[in-house]
Amino acid sequence: MHILDAGVRFSAVKFTPVSNPSSSPLRRRYFIVRANLPFPKHQAKYHKELEVAIDAVDRACRLCVDVKKSLFSSKEKIVEKNDQTPVTIADFGVQALISLELSKLFPSIPLVAEEDSHFVRANNLVSAVVSEVKSKASIADNELSDADVLEAIDRGGKDAYAFCNKPATYWVLDPIDGTRGFLKGGEGLYVVGLALVVDNEIVLGVMGCPNWPGDLSNQSTGTVMVSHIGCGTWTKGLQNISGKVSGDWTRCFVDASVLVSKARFCIQESQTWETLPLSDFFAAKTVSDDLEHNDIILVPTCHGSLCKYMMVASGRTAVFLLRDKTERTIKAWDHAVGVICVHEAGGKVTDWEGDEINLEEDQSERRLIFPAGGVIASNGNLHNHLLEMLSSASPAL
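Here the structure is a predicted model, which means the values were calculated and not measured.

Engineer: Can you help me understand the overall build of the protein chain in this one?
Structural biologist: When its secondary structure is counted, the protein chain shows nine helices and 21 strands. Evaluated residue by residue, the protein chain yields a buried proportion of 58% over its 397 residues. Accessible surface for the protein chain amounts to roughly 17000 Å². Of this, 48% is attributable to carbon and sulfur atoms.

Printed below as a string of structure tokens:
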């Protein structure tokens, strides 16, 4: 053992090859480090922000787990927004909780998030949301009022901050991405996703997925995935959710496939393979035993676009493909944290024309993105070939 940073002790890096039958046929690589952060603090410019983000997402995931346990015991726990997207007390509770935790140390950094308190007030959900937040916040219960929690939700709302077309530093939060997965129960996947953007560059990201299948090293379920620019992407078990949580950080690498025909794909559950341009080249099969010459493996869909990014960053799939529907607006919080996790794991994320995702196109609010054609996240090896295929199949995106 040796000291790499004052006050934090790291073990020597351990290299362990692991074969995972659910991932690519190629072997996946792991590095394991025992530490509070997965890398020395002096290597990470935003290590303070990352530590707070990890703790906030961990608390938020525990809130989600507790709400989900009682989700179907009370009809008050499930409500519908105007757009018919199912939303629960957990969505608002997570936004309030993370907003409160971030504002304690970084009060001047704006938050761009999905919800606002109007719906909570209009549907008599204030007491339920406040109760959940109080039970998980690091602030003492008697220091949090209803007004504090509602204000924390609105800190991320649409009218909270105007960026005035200037480069800025701000948080991007999706309180629960994959709410339908959250409501599904059982193994439905959902993600709490948080990223920090500095001058249009995503510099860190944290994703918590309470139902994520555990890796082979610790047999746990639930994981947190973190990335910091220049420091890689790492995962470990979520704290205080299961009895088999590992304290080790495991470094993630994208799948090493070099042939599109041998790669594993995942797509949004709202889309079918036949609606995507690559269906002109390959048919999709869900089992590898039944593949023919022009078949690819399509991993069964999981709820939430951020889950797809986790699949690519962890090497479980090589490609995530999302087609932009003209009638659907693409939100920044559905993608920001996933972009850095894939990039730092060795992959690549662009639109269908090969341009990087621009978080500043929505200059005043930073809530929308406008990727040409859609979004493609890959292991990097396949990216240019996939772009060429998309271009030839869809001359007019």
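Engineer: Would you explain unusual backbone geometry in this entry?
Structural biologist: Working note: non-glycine residues mostly have negative phi, and peptide bonds are mostly trans. Here the phi dihedral of Cys164 falls at roughly 55 degrees; this positive angle occurs in a residue that is not glycine. Within the secondary structure, Cys164 sits in the loop between helix H5 (146-154) and strand E8 (169-177). Phi is positive for Asn200, which is not a glycine, with a value near 70 degrees. The residue Asn200 is located in the loop between strand E9 (191-198) and strand E10 (201-209) in this model. On the accessibility criterion, Asn200 (27% relative accessible area) is partly exposed.

Engineer: I keep staring at the environment of Gln95 and nothing clicks. Help me out?
Structural biologist: Its location among the elements puts Gln95 in helix H2 (residues 89-105). Considering only alpha carbons, one finds Gln95 and Gly157, 62 residues apart in sequence, at a separation of 9.8 Å. Those residues in contact with Gln95 that sit more than four places away from it in its chain are Ala113, Glu114, Glu115, Asp116, Ala152, Ile153, Gly156, Gly157, Leu173 and Pro175.

Engineer: Hey, could you run me through the packing of helix H7 (residues 305-313) against helix H8 (residues 336-344) in this one?
Structural biologist: Each pair of packed helices can be summarised by the angle the axes make with each other and by the distance between the axes. Relative orientation of the contacting elements H7 and H8 amounts to 5 degrees, with a least axis distance of 9 Å. Accordingly, the angle class assigned to the pair H7 and H8 is roughly parallel. Across from Leu306, Tyr309, Val312 and Ala313 in H7, the residues of H8 making contact are Val337, Gly338, Val339, Cys341 and Val342. Among the residues forming the contact of H7 with H8, the class breakdown is eight nonpolar, one polar and no charged.

Engineer: When you look at the pattern of salt bridges in this model, what are you seeing that I'm missing?
Structural biologist: Once their charged atoms are close, side chains differing in charge can pair, the charge on each being opposite to the other. For the structure shown, the criterion picks out 10 salt bridges. The salt bridge involving Arg366 is made with Glu360; its shortest N-O contact spans 3.8 Å. Residue Arg366 shares its accessibility class with Glu360, and that shared class is buried.

Engineer: Looking at this structure, how should I read the sheet that holds strand E17 (residues 319-323)?
Structural biologist: Strand pairing in a sheet relies on backbone hydrogen bonds. The paired strands run either parallel or antiparallel. Judged by pairing direction, the sheet is mixed, and its six strands sit side by side in the order E15-E16-E14-E17-E21-E19 without closing on themselves. A single partner strand is all that each edge strand has here, and the edge strands are strand E15 (283-285) and strand E19 (348-351). Each neighbouring strand pair of the sheet contributes to a mean axis angle of 30 degrees, computed without reference to strand direction. Here E17 pairs with strand E21 (residues 374-378) via five bridges, running antiparallel. Note that in E21 the partner of Leu322 across the bridge is Val375. Running over the sheet, H8 touches E19 and E21 and is turned about 135 degrees from E19.

Engineer: What exactly am I supposed to notice about H8 here?
Structural biologist: Residue pairs three or four apart in sequence face the same way in an α-helix, which turns once every 3.6 residues. Within H8, eight of the nine residues are buried, which leaves it mostly tucked inside the rest of the structure. The set of residues buried in H8 consists of Ala336, Val337, Gly338, Val339, Ile340, Cys341, Val342 and Glu344. In the stretch just after H8, Gly346 is the one whose phi turns positive, near 105 degrees.

Engineer: Just checking my understanding: could you explain H5 for this structure?
Structural biologist: Within H5 the residues assigned to the buried category are Val149, Leu150, Ala152 and Ile153. Each buried residue of H5 sits inside an arc of 155 degrees when the element is viewed along its axis, so together they form one side.

Engineer: What is the right way to look at the packing of helix H1 (residues 47-69) against helix H4 (residues 126-136) in this model?
Structural biologist: Their axes nearest at 10 Å, the elements H1 and H4 cross at an angle of 130 degrees. When the interaxial angle is binned, H1 and H4 end up oblique. Once H1 is placed against H4, the crossing between them reads as right-handed. Here H1 contributes Arg59, Arg62, Leu63, Asp66 and Val67 to the contact with H4, which in turn contributes Glu132, Val133 and Lys136. Of the residues assigned to the contact of H1 with H4, the class counts are three nonpolar, no polar and five charged.

Engineer: Can you help me understand the packing of aromatic side chains in this one?
Structural biologist: Two numbers describe a pair of aromatic rings. These are the distance of the centres and the angle of the planes. Taken as a whole and assessed by the stated rule, the structure comprises seven aromatic pairs. Ring geometry for Phe182 and Tyr190: centres 4.8 Å apart, planes at 85 degrees, overall edge-to-face. For the residue pair Phe182 and Tyr190, the accessibility class agrees, reading buried in each case. The interplanar angle of 80 degrees and the centroid separation of 5.3 Å between the aromatic rings of Tyr309 and Phe320 together place this pair among those described as edge-to-face. In this pair, Tyr309 sits in helix H7 while Phe320 sits in strand E17, placing the two residues 11 residues apart along the sequence.

Engineer: Sorry if this is basic, but what is going on with the nonpolar core here?
Structural biologist: Core analysis: the biggest nonpolar cluster contains 65 residues, and Ile98, Val129, Trp171 and Phe182 have the highest contact counts within it. The biggest single contributor to this core is H1, with 12 residues.

Cut-off values and rules
Residue numbers restart at each chain and count upward from 1, following the sequence in its written direction. Only residues with pLDDT of 70 or above have their local features reported here, since the model is predicted, and side-chain atom pairs are shown and tallied only from 80 upward, although totals for entire chains, interfaces and linings are computed over all residues. Hydrogen atoms and water are omitted, and side-chain values are computed over all heavy atoms in the structure. Numbered from the N terminus, helices here are DSSP runs of H or I no shorter than four residues, and strands are runs of E no shorter than two. Only protein chains enter the accessibility calculation, which uses a 1.4 Å probe; a residue is then buried when its area is under 20% of its type maximum, exposed when over 50%, and partly exposed in between. Each accessible area is a Shrake-Rupley estimate made with a 1.4 Å probe; only the visible protein chains count as cover when residues are assessed. Here a residue-residue contact requires only that any non-hydrogen atoms of the pair lie within 4.5 Å. The angle between two axes is taken between their N-to-C directions and runs from 0 to 180 degrees, where each axis is a line fitted to C-alpha atoms and a helix contributes only its stretch in contact. Working definition: roughly parallel below 35 degrees, roughly antiparallel above 145 degrees, roughly perpendicular at 65 to 115 degrees, and oblique for all remaining angles. Residues are grouped as follows: Ala, Val, Leu, Ile, Met, Phe, Trp, Tyr, Cys and Pro are nonpolar; Asp, Glu, Lys and Arg are charged; all remaining types, including Gly, are polar. The working definition used for a salt bridge is a side-chain nitrogen of Lys or Arg within 4 Å of a carboxyl oxygen of Asp or Glu. At least two DSSP bridges between two strands are needed for those strands to be called paired. The arc in question is traced by the directions running from the helix axis to the C-beta atoms. Put simply, a crossing is left-handed when the front helix is turned counterclockwise from the back one by less than a right angle, and right-handed when it is turned clockwise. Think of it this way: a Phe, Tyr or Trp ring, Trp meaning its six-membered ring, pairs with another when their centres are within 6.5 Å, and the plane angle makes it stacked under 30 degrees, edge-to-face over 60, tilted otherwise. Side-chain atoms within 4.5 Å are what join buried Ala, Val, Leu, Ile, Met, Phe, Trp, Tyr and Cys residues into a set we call a nonpolar core.

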